[in-house]
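# Results of the structural survey
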Amino acid sequence: MSVRQQEEPLHLVEVNNTRVTLLGTAHVSKASADKVKELLDTGHYDAVAVELCPSRHNALINPDALAKLNLIEVIRQGKASMVTANLALGAFQQRLAEEVGIEPGAEMRMAITIAREKNLPVLLIDREIGTTLKRVYRNVPFWRRLTLLSALMASLVTREKVSEEEIERLKEGDMLETAFSQFSSEENEIFQPLIDERDRYMVARLQQDIRDSNYQHVLAVVGAGHLRGMRDYLEKPGAEPAQTIEALDSVPPASTWPRTIPWLVVVLVIIGFLVGFSRSPELGWQLVGDWVLINGGLAALGALVAAAHPATVIGAFCAAPLTSLNPTISAGIVAAAIELYFRKPEVGDFMTLRRDTARLKGWWKNRVSRVLLVFVLASLGSALGTYIAGFRIFERLTS
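These remarks concern the structure in this document. Here the structure is a predicted model, which means the values were calculated and not measured.

Turning our eyes to something else, we now look at the packing of helix α2 (residues 54-61) against helix α5 (residues 106-117). Relative orientation of the contacting elements α2 and α5 amounts to 80°, with a least axis distance of 11 Å. Accordingly, the angle class assigned to the pair α2 and α5 is roughly perpendicular. Each of His57, Leu60 and Ile61 in α2 lies in contact with α5, whose residues at this interface are Met108, Arg109, Ile112 and Arg116. For the contact of α2 with α5, the per-class residue count stands at four nonpolar, one polar and two charged.

We now examine the pairing of strand β3 (residues 18-25). The buried fraction of β3 is high, at seven of eight residues. Where β3 lies against strand β6 (residues 217-223), seven bridges are found, and the strand directions are parallel. Across the sheet, Thr21 pairs through a bridge with Leu219, a residue of β6.

With that settled, the discussion passes to the environment of Val74. By secondary structure assignment, the location of Val74 is in helix α3 (residues 71-76). Each C-alpha atom, one on Val74 and one on Leu372, is 9.6 Å from the other, the two residues being 298 residues apart in sequence.

Remark: helix α1 (residues 30-40) packs on α5, axes separated minimally by 8 Å, with the N-to-C direction vectors making an angle of 20°. Here α1 lies roughly parallel to α5, going by the angle between them. Seen along the crossing, α1 lies across α5 with a hand that is right-handed. Between α1, through Ser32, Ala33, Val36, Lys37 and Leu40, and α5, the contact on the second element is made entirely by Ala106, Glu107, Met110, Ala111 and Ile114. Grouping the amino acids of the contact of α1 with α5 by side-chain chemistry returns seven nonpolar, one polar and two charged.

Calculation rules
Residues numbered from 1 in each chain as written. Predicted model: local features only at pLDDT ≥ 70, side-chain atom pairs only at ≥ 80, totals over all residues. Heavy atoms only, no water. Axes fitted to C-alpha atoms, helices over the stretch in contact; angles between N-to-C directions. Helix = DSSP H or I, 4+ residues; strand = E, 2+ residues; numbered from the N terminus. Parallel < 35°, antiparallel > 145°, perpendicular 65-115°, else oblique. Contact = heavy atoms within 4.5 Å. Nonpolar A, V, L, I, M, F, W, Y, C, P; charged D, E, K, R; others polar. Buried < 20%, exposed > 50% of the residue type's maximum accessible area, 1.4 Å probe, protein only. Pairing = 2+ DSSP bridges. Left-handed = near helix turned anticlockwise from the far one by under 90°.

Here is the structure:
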C-alpha cells in the first residue's frame, strides 16, 4: 500500500503481522525533519528504525567523538584512507546542508530525539559505512578506483550552489549515490553495493528486529532513494535475514595480483641496479640517483602540496626511496608520523574537524585533516615515483 502526505513519500507494508511505515526523506531537508516529528507525535508507533549504522549513529548523537580519534592508530592500522573518505562524504553533506540552513541528518536526529522522549526503541538498520565503501571499492576494476576517489574529492572542490528545491529533489536518490553523481545508477558495479545491497540489508535487519521483538507498528526513516527497493524486498519472500546480513557484512577478499605488483617492481628495480653496476659503477650510481630523485622528489612534492612541515617534506624525500623497496610500509606513514611530531593536533582541531573539512581550505587549516592529507599525498607521490623511476631505469639500461 502506498500513500503520500504533504509530498513526503510514504509506503505502508505488512511484515509478519507488523505494520511498517517507510518514510522517504532527504537527509538535508527541513520538510523531512518536520514530517518525522508529525508522524511520531501521532503516537501510532512502538519502534523507530533509522537509516544509520552504529558509527554514523555515534557521530550524529556524539559529534565530539572525533576528539578521541587516535591518529597514530588510524595510520598504523591502515585506516587513514577510509577516515579521509568518510570526512569527505561528511563534508559533501555538510556543504549541501549549510546552503539551506539545516544540519545534515536532521530528520534522523529528530527521530532519535523523539523516540527517546517517548521511550521507543531505536533500530539501527543500515550497514556500516566502512563496509559499504569497501564493497564499492572492491566491486570496481582496479583502474577505476582512482576515478571513484576523484569523484568523491570533486564534491569538495565544486563551488556550485544548490537550491533548496534541488536538495528536495535528492529524495529521488541517496546521499552516497549523490556524492558519486558522475556515475550512473545503471552501472551495476556501483549501484549494487551502494544502493541495492543496502536495501536488502536494511530489510533483513528490519525483519530480524521485528521477529525478535514482536513490534506492532514500526516507523522506518530512510533516504527516499531506498524506498522502492525496500518496499519490494519487504513484500516478497527472501532468504533468512541472518544469512542475508552475514553475506552483506562480509568484505570480498582483495585481489592478489595488485599486491604482487609492488614486489615485482622492487625485484625489477633491484635487478636493474645490479645490471647497471655490472656494466659500470657510473651507470649504477646514475640509476640509484634517478631512483632517489624521482621517488623522493614526488613524495616530497605530495607532502609539500599538503602544506606539511619542512621537516616532513625532507623526511618524505628521504623515506620514499627506501620505503618503496619495502611495500609493507609507505612513505606516507613516515611523513604523517613526522608531521604529528612537529605539529601535534590540539583539542580544538578535533572539535572543529567536521566543520573545517566542509570547506576545501579547511583541510589544510585543520591539523588533523592535514596529517591525513600528508599521508595520502605523500603515499601517492611515492607510488607514482616508484613506477616513473622504474621506467627511467629501464630506459637507461636499454638506451
